[in-house]
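If you want the building blocks of each chain, they are given just below.
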Amino acid sequence: QTGNEQYFPLQSYRVGPYAASGTGFYGGFIDYLKYINANGGANGVKFTWSECETEYVVEKGVECYERLKKGLNGAPATATNPLSVGIAYATLDRSTADKLPLITINHGRTDSTDGSVFPYVFPLQLNPFSEVSAILNWIGEKEGGKAQLKGKKIVVLYHGSPYGKETHNIVETLSKELGFEVTQIEVPHPGNEQQSQWLNVRRIKPDWVILRGFGVMNPVAIRAAQRVGYPVDRIVGNIWANSEEDVIPAGDAAKGFISITTHPSGDSFPVLQGIRRDVFDKGQSDLADAKQFGTVNYNLGVVNGILNVEAVLVAQKKFGHKPLTGEQVRWGFENIHIDAARLKELGAEGLVQQLKLSCADHEGGGAIRFQQWDGQKWNLISDWVQADRAFLRPIIEASARKYAQEKGITPRDCSKEG
Amino acid sequence: MSHPEILRLEQIEVLYDQVILAVRDVSLHLAQGEIVALLGANGAGKSSTLKAISSLVRAQRGEIARGRIFYQGQDITHAPAHTLVQGGLVQVLEGRHCFAHLSVEENLLLGAFARKPSRAQLRQSLERIYQYFPRLKERRKSLTGYTSGGEQQMVAIGRALIADPRLVLLDEPSMGLAPQIVEEIFDIVARLNQQEGVAFLVAEQNIHLTLEYAHRGYILESGRVVGHGTAQELKQREDIDALYLGQAVHLG
Amino acid sequence: MLFTESGQFSRHYREDRRVFRLRQDRVALWLALVFAFVAVPLLGNDYWFNAILVPFLVLSLAGLGLNLLTGYAGQLSLGSAAFMAVGAFAAYNFLVRIPGFPLLLAFALGGGVAALVAVLFGLPSLRIKGFYLLVSTLAAQFFVPWLLVKYSWFTNHNTSGVITAPPLHWLGFDLGSPQGRYLLTLGVVVALFWLGKNLVCSDLGRSWMAVRDMDTAASVIGIPLLGTKLLAFAISGFYLGVAGCLWAFAYLGTVEPHGFDLGRSFQILFIIIIGGLGSIVGNFLGAAFIVLFPVLLSHLAGYLPAGLLDSGQVENLQKVIFGLLIIAFLIKEPQGLAQLWQRLRTRLRIWPLRY
Amino acid sequence: MSQSHAPAPLLELSGITLSFQAVKAISDIGFAVQPGEICALIGPNGAGKSSLLNVINGVYQPQQGSIRFDGVVRQRMNPHDAARRGIARTFQNIALFKGMSVLDNILTGRRLHRRSTWLEQALRLPRARHDDDVQREQAERVLAFLRIQPWRHTPVGTLPYGLQKRVELGRALAAQPRLLLLDEPMAGMNAQEKQEMSLFIRDINRELGTTVVLIEHDIGVVLGLSHHVVVLDYGRKIGDGSPEAVRNDPQVLRAYLGTRHTAPHRQGVPPG
Amino acid sequence: MAFFLEVLLGGLLAGTMYSLVAIGFVLIYKASGVFNFAQGATVLFAALTFVSLLERGLPFWLSLLVTLAAMVALALAIERVLLRPLVNRSQITLFMATLGLAYVIEGGAQFIWGTKVHGLDLGISDAPMELAGLLLSPFDLFAAGVAAVLVVVLSLLFGKTRLGLSLRAVADDPLAAQAVGIRLPVIWAVVWAVAGFVALVAGLLWGARLGVQFSLSLVVLKALPVLIIGGFSSISGAIVGGLIVGASEKLAEIYLGPVLGSGLENWFPYVLALLFLLVRPAGLFGERSIDRV
Ligand SMILES: Nc1ncnc2c1ncn2[C@@H]1O[C@H](COP(=O)(O)OP(=O)(O)OP(=O)(O)O)[C@@H](O)[C@H]1O
Ligand SMILES: Nc1ncnc2c1ncn2[C@@H]1O[C@H](COP(=O)(O)OP(=O)(O)OP(=O)(O)O)[C@@H](O)[C@H]1O
Ligand SMILES: CC(C)C[C@H](N)C(=O)O
Ligand SMILES: [Mg+2]
Ligand SMILES: [Mg+2]
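Calculation criteria
Residues numbered from 1 in each chain as written. Chains lettered and ligands numbered in written order. Predicted model: local features only at pLDDT ≥ 70, side-chain atom pairs only at ≥ 80, totals over all residues. Heavy atoms only, no water. Helix = DSSP H or I, 4+ residues; strand = E, 2+ residues; numbered from the N terminus. Rg over C-alpha atoms; globule rule 2.2 N^0.38 Å. Buried < 20%, exposed > 50% of the residue type's maximum accessible area, 1.4 Å probe, protein only. Contact = heavy atoms within 4.5 Å. Areas by Shrake-Rupley, 256 points an atom, 1.4 Å probe, with all protein chains shown as cover. Donors = N, O, S within 2.8 Å, 3.2 Å for Na, K, Ca; no water. Domains from an automatic or database assignment. Buried area = accessible area lost by both parts, 1.4 Å probe. Salt bridge = Lys/Arg side-chain N within 4 Å of Asp/Glu carboxyl O. Polar contact = N/O pair within 3.5 Å; in protein donor to acceptor, adjacent residues only side chain to side chain. Pairing = 2+ DSSP bridges. Axes fitted to C-alpha atoms, helices over the stretch in contact; angles between N-to-C directions. Nonpolar A, V, L, I, M, F, W, Y, C, P; charged D, E, K, R; others polar. Parallel < 35°, antiparallel > 145°, perpendicular 65-115°, else oblique. Near = heavy atom within 4 Å. Expected span 1.5 Å × (residues − 1). Core = buried A, V, L, I, M, F, W, Y, C linked by side-chain atoms within 4.5 Å. Left-handed = near helix turned anticlockwise from the far one by under 90°.

## What to know about the overall build of chain A
- Secondary structure summary: chain A contains 14 helices and 14 strands in total.
- Taken against the 2.2 N^0.38 rule, which gives 22 Å for 418 residues, the C-alpha radius of gyration of chain A at 20 Å falls within 12% of a compact globule.
- Here chain A holds 418 residues, and 68% of them are scored as buried.
- Sequence separation of at least 24 residues holds for 71% of the intrachain contacts in chain A that already meet a minimum separation of 6.
- When the accessible surface of chain A is totalled, it reaches about 13100 Å², and 49% of it is carbon and sulfur.

## With respect to the coordination of the magnesium ion (ligand 4)
Residue and element names in this part refer to chain B.
- Ligation of the magnesium ion (ligand 4) by protein atoms is provided by S47 (OG) and E94 (OE), these donors lying 1.8 to 2.4 Å from the ion. Of the two residues, S47 sits in helix α1 (residues 46–53) while E94 sits in the loop between β6 (89–92) and α3 (104–113), which places them 47 residues apart along the sequence.
- Its relative accessible area of 33% is what places E94 among the partly exposed residues.

## Some details on the domain arrangement of chain D
Residue and element names in this part refer to chain D.
- Here chain D is described as being made up of domain 1 (1–86 + 177–272) and domain 2 (102–175).
- For domain 1 versus domain 2, the separation of C-alpha centres amounts to 27 Å.
- Listed per partner, the contact involves 19 residues of domain 1 and twelve residues of domain 2.
- In total, domain 1 and domain 2 occlude about 1300 Å² of area from one another, counting both sides; carbon and sulfur atoms represent 75% of this.
- Ionic pairing is found between E196 and R166, a salt bridge with its closest N-O pair at 3.2 Å.
- Linking domain 1 with domain 2 are two residue pairs in polar contact (both at pLDDT 80 or more).
- The greatest single-element share of the side of domain 1 that touches domain 2, amounting to eight residues, is contributed by helix α7 (residues 191–208).

## Here's the deal with the sheet that holds strand β5 (residues 72–74) of chain D
Residues and elements named next belong to chain D.
- Pairing within the open sheet is antiparallel, and its four strands lie in the order β2-β1-β4-β5. With one partner strand each, in any of the chains shown, β2 (23–33) and β5 form the two edges of the open sheet. Taking the axes of each pair of neighbouring strands and ignoring which way they run, one obtains an average angle of 20 degrees across the sheet.
- The pairing of strand β1 (residues 11–20) with strand β4 (residues 64–69) spans five bridges and is classified as antiparallel. Residue pairing across strands places T17 opposite Q64, the latter belonging to β4.

## Some remarks on the coordination of the magnesium ion (ligand 5)
- Looking at the magnesium ion (ligand 5), one finds its protein donor set to be S50(D) (OG) and Q92(D) (OE1), positioned 1.9 to 2.1 Å from the metal centre. Taken as a pair, S50(D) in helix α1 (residues 49–56) and Q92(D) in the loop between β6 (87–89) and α3 (102–109) lie far apart in primary sequence, 42 residues in all.

## A few points about the interface of chain A and chain E
- On the chain E side, the residues contacting the 34 residues of chain A number 40 residues.
- Buried surface at the junction of chain A and chain E, summed over both partners, amounts to about 2900 Å²; 55% is from carbon and sulfur atoms.
- When the area that chain A buries against chain E is broken down by residue, the three leading residues are E193(A), R223(A) and R227(A), summing to 21%.
- Linking chain A with chain E are two salt bridges.
- The interface formed by chain A and chain E includes six residue pairs in polar contact (both at pLDDT 80 or more).
- Broken down by secondary-structure element, the contributors of at least two residues to the side of chain A that touches chain E are α1 (19–38), β6 (181–187), α7 (195–204) and α8 (217–227) of chain A.
- Considering each element in turn, the side of chain A that touches chain E owes the most residues, seven residues, to α7(A).
- When grouped by side-chain class, the residues that make up the side of chain A that touches chain E number 14 nonpolar, ten polar and ten charged.

## Some points on the packing of helix α1 (residues 2–32) of chain E against helix α9 (residues 220–230) of chain E
Residues and elements named next belong to chain E.
- The interhelical angle for the contact between α1 and α9, taken along N-to-C directions, is 70 degrees, at an axis separation of 8 Å. In terms of orientation, α1 lies roughly perpendicular with respect to α9. Each of Y18, V21, A22, F25 and V26 in α1 lies in contact with α9, whose residues at this interface are V220, K222, A223, L224, V226 and L227.
- Counted by class, the contact of α1 with α9 contains ten nonpolar, no polar and one charged residues.

## Focus on the site of ligand 1
All names here are of chain B.
- Every one of the 15 residues lining ligand 1 counts as a neighbour, but N42, G43, S47, S48 and E94 are closest to it.
- S48 places a polar side-chain atom, nitrogen or oxygen, 2.4 Å from an oxygen atom of ligand 1.
- Summarising the interface, the protein chains cover 74% of the accessible area of ligand 1, which totals 640 Å² for the free molecule.
- Only β2 (20–31) and α1 provide two or more residues apiece to the shell around ligand 1.
- No other element matches the three residues that α1 contributes to the shell around ligand 1.

## A word on helix α6 (residues 149–161) of chain B
- Given a rise of 1.5 Å per residue, 13 residues ought to cover 18 Å, and the 19 Å separating the end C-alpha atoms of α6(B) matches this to within 8%.
- Burial analysis of α6(B) places 13 of its 13 residues in the buried class, the great majority of the element.

## What to know about the nonpolar core
- In terms of nonpolar packing, the biggest core is built from 306 residues, with F200(B), L246(C), F249(C), L269(C), F35(E) and F95(E) touching the most fellow members.
- When residues no more than four places from it in sequence are discounted, the contact partners of L269(C) are L66(C), L78(C), F95(E), M96(E) and L99(E).
- Counting 85 residues, the second-largest nonpolar core is a separate cluster that includes I30(A), L178(A), V302(A) and L351(A).

## Comments concerning the pairing of strand β9 (residues 228–233) of chain D
All names here are of chain D.
- Counting buried residues along β9, six of its six residues qualify, which places the element largely inside the surrounding structure.
- What you see with β9 is no split at all: H228, V230 and L232 on one side and V229, V231 and D233 on the other are buried throughout.
- For strand β3 (residues 38–42) and β9, the ladder comprises four bridges, and the chain directions are parallel. Counted as the bridge partner of I42 is V231 from β9.
- Pairing between β9 and strand β10 (residues 236–241): five bridges, direction antiparallel. Its bridge partner being in β10, L232 is matched across the sheet by K237.

## Focus: the packing of α1(E) against helix α5 (residues 138–160) of chain E
All names here are of chain E.
- At a minimum axis distance of 8 Å, the contact between α1 and α5 shows a crossing angle of 25 degrees. Of the possible angle classes, the one that applies to α1 and α5 is roughly parallel. Judged by the sense of rotation from one axis to the other, the crossing of α1 with α5 is left-handed. Counted together, L13, T16, M17, L20, I23, L27 and K30 of α1 and F139, D140, L141, A143, A144, V146, A147, L150, V151, L154 and F158 of α5 form the full contact between these two elements.
- Of the residues belonging to the contact of α1 with α5, the class tally is 15 nonpolar, one polar and two charged.

What follows is the structure, encoded as structure tokens:
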């Protein structure tokens, strides 16, 4: 080999309860890497990767991590993308010790946004706190201004896992702040039975329901809503309740369902056209099922690819056009700055939001758009809606400090980074 | 014997778990309407021989490794158990083996099903068994698992007889039965044999009693036939009595 | 003549009672221990420690815990993971709430709390038998994680209900490195296996087996059924609890209650089926199989021509093979790998003769 | 209590009644067993013999009646207490612990004689080790007595039937019981094995002074072995007395023995 | 009050859905004494096969037929590979073998048909109707009806026919069953095939509600307490158990949830089942195990 390669250890999952998400996501991610390779790589550095099936199981994720973290044939590992809160938690210490960025796009530990305590963890684009904050902002808008939220009833239905629980406290805080009444109802994993939860919803008669689901829980929720007569266009699915796989199984019941997204579906974006031309049409796509091209999960994979590659490109500017170590890539991530112009270059206008990361801010974006299912496809129904990041920041910092204390970590001084 | 042969075993070898050789070399034959005793100490291979005939060894991780078995002239060495039952060859298993969660009557009925009888026939057959074993009639509705050891033994025998068999393999029929019942059972055996020409192959520890009813007998030792003859001859063979059958106990 | 036994007759009951009756077994055991404690830490690498050896040891211990209950005392349980969770979370709370709490003491107390909980769920075992008993252990399996998730006190109010290992220090040693965590695990596991082996050879062990084989007869002999069964639950709970501590602190470093879900209970059950019910070495063999087999298969899949099977398919295939293996074991080798191992040893002992 | 020179019975049942839903297994039965005697229970199948043994050692709870054992009167026993107070038994269907070796089975019988706790044993403390040796020695004596030493380490499940019966006897014996209950110990044995077994039982009775209650269908064995016979039929007592008296009782003959057994038996143990 | 009734009714109807899975369990337990943990996987396999055929353009009835054939084939294979070699082995062994079987079926189903989530529309509306002030879904009523029919038919089969008696005999003592001339392989294949059919029915109904995908095999966990309350060997027990579990868990979640914390639905049925067992150790209608000495 040339030795001019940059490696991605992929802890992917294509079986198990969340197979649908994994298949789309890693499909999009790999296709994007192939697309880059087909166009000369990152300044001549080609990407390689290997997959290790985690089945969304933490121990398998750890095993995969340990197995792949060293890189492949001399190509250094770039970053890990387990797409699982559980695996992310379990490899958080390890990746920090190994100096390998851990990417948790649109999910993860919210307080890892604070890069001074979590130098190697990146909840890119949208952390869970921003997610709820932005959703509430939009609901406020819908109700005719944030002040109108006062006295409104909102139910949050969440997945019984760390991912689901993550926003429990912040929702309570926001309800006090904004004056709405909130009831948070847990749906036990995996969530294929929700009748009593929805009967509860029926009794409460909320103005809105926020669905923080994953996997089966989502279509089941939509059907259960129909069964208790709750209007589906008053349910807002969160960032993991927003894909085609979440609504199609619910059939007609899903017509009118609203969800948020950071990455609209569709294949009209130039970058997707590019992938179609250079990868898909050449029969090299990673997708087994061609219909998944351009779906929400696939597009998230593409977005994830764009951001990972962007980090490499940014870092290459500083460290040279050669394969980079995890530590160097970490620098790249912390210096990502994607503005409108850069989006255009990437062919990702409308697919990716503008982002600016830093040592202290590992999230960078915090904006979402809303989409509605019409029975066939998702239609965007809003422009970018911002989270109240200034309000959230102190809460995040406090949480990070507590963690640092527990673990005996001395936070970095971000003013000295550059 | 002038009667046609009903059963013939040719050099049977029975292997359990592919290693335990329980029967090494057994050849024997039965004429129609004959009562033949199979004698031998514990572990001699009596039960295994019987199970080989009825094709039940396979259900216990065993196999007939060598030899052939003929029933009414047909090779049944590898025939499945149910065809034998339909053909009139039934076995009373050692150790009772009743269906514990079924009632006494249901146990008996199951024995009759093999012949696919009509309802009327069923009733009739049941009555006949109840005549043999009045005790069972009293307990007919009880779950067999709760009946006493002897009652279960009666169920097991009744369940075999109800099938109108041509050949019955009886494995230790007297075990756990009161003397009176034991006698009754042998009387029933004799009656069925004389009146309906049913053949019996009986493995039994109570040798003297058995030889009183049997026409002939075979003696097994360590899976081999080591002697055979008419009941009369066997009764007189003191040496065999001493060696394999034990003698009257003399307590000081 | 490594495997000769001539002249090794038991002259005293004391010798007959020894854990290993043959001298070569004892020698082999010592060699193995020296290897595990000295050679492995020198030779191993991160991957082996973090991804293979530590989970292997912890799962062996968990297997032993379940084996005591199921293989020896005959009480079927699908709640092993719940007891692990109790152990881990209890130990965590001791460590977090009482500054400077000794690590090993926390493990022991974690095991103790798990034992109590196990006894609680074992109480119905006097009245409920066989598969019906599954309901009790399954109740534990669903209730415990729920409780730990629901009441954030247990997780020291972590928002997402996850606990993270505090720094691993013991007697001034830092056991945080991969080697350190390996040695910590190995030490605990070896000690508890020694204890377990003694237990099953003792009166209590015999009482367990008696209850397993025929409980009416056992009670007629004067074995108190409830006490014996509960002690089985308690000791099994203790082992599982300690295994849970090791799992959380020495292996993953962080766990959430759902990390101890039904799947884990099944995994432990498979360990003892494959390893051998009612066998001590079986737990190691079973755990080795459970840990290594998937890794091996997915490594092998790496050598397949690309595109032939994607990794998801490999996983499905692995499931199928795994299931078939379990069935095959039950058919061919009902006593599990332990039996296979035994047979191999017998062969070696009488080698070069065949019988 | 009663007449001073006749020793008080070791076991005395009175008015025992036991029914299972519709079935009356035992009605109003009472009899006494003197210390040191061998008492045989006979009767047709389903007469309630096994049930009576089950009542004596607490596996079944009678609805009425009382049991006096060793001077203490109780309405009911529980198996564990019965064992502690010195009642051991064997079962009609062999109830050995199939997965364990012969030695281990016998050792379970020694359980109540243990002095060390499980924790001591787990940690191999000196007291436990000493205890181990003592129990092992006792177990070895039982093995020797029943001549089953060669099978010491054999799993009982693989032994022939006759030996299993012997091991079961050994397990009961290991407990050094005052009262030994045997449910058809010789069923399914050939004459020779029956003879051996009879000798064992008699030796136990004579040498160890153990009181025995025994159920057996082979009338020859019963007559040869027992001092005292109790006859049951349909849950009732229809005879109670010396072997000779019982053998000639016409009621017993009709209900149990059948006509042909009037003559001294062909096999088994002749009286004397 | 109306709300209470609604919860109760909803619970009862949901319970019949559990019963559907439990019935398959009972069938097999009753006829072979096997505690079949693979029933959930079989549900998945049946539904997945059916949907995949449908999506490949086969008409509804043909898909149903082909799936049924597949279930029969599966039953035959199970009889051959698993039951026959394990005949006369302990119940625990067989139980463990079904754990292995569950893996094989789950892995196999997904290997063949992939892991995608499929929607399934049986053409029965799940939209609520208002009946006397209570909300009722026609789908639930349909499911309850199906369950009722199954129970009646299967109870008759077991209680009143010779086949039924033979099935129970096999479960009790396979060796003796063979000795009286029962054809074990046939019996087993029949029962497992019927259980496969029940799994298909359950799979279609559950699949229509949840989408056809992996977690269908997890409904077995809901069926377990149902079984335990009803007793492993009683078909009507499966229904009664289902109703009890369905109603009580919904009521508990709604009325107890706010006190103890929500999400107790997962363990509540188990604790309930445990309480039942303490009173009736073999469930409401189960056969008590006979251990007399
Ligand atoms: N299922 C089995 N598996 C393994 N070995 C067996 C099995 N059944 C019997 N054997 C062995 O085969 C040999 C012959 O046993 P068999 O039961 O045929 O003897 P038997 O003459 O009927 O003795 P008994 O008078 O005790 O009934 C014995 O050594 C026994 O241990
Ligand atoms: N647990 C039980 N439940 C129901 N009925 C029982 C139970 N135990 C015994 N019986 C009934 O009580 C009666 C007496 O049974 P028992 O076992 O005591 O008879 P037995 O005298 O020992 O007979 P055998 O000589 O045949 O062993 C029988 O009719 C039996 O069916
Ligand atoms: C990132 C997502 C895959 C997170 C997922 N919802 C979880 O439960 O962990
Ligand atoms: Mg025999
Ligand atoms: Mg009896």
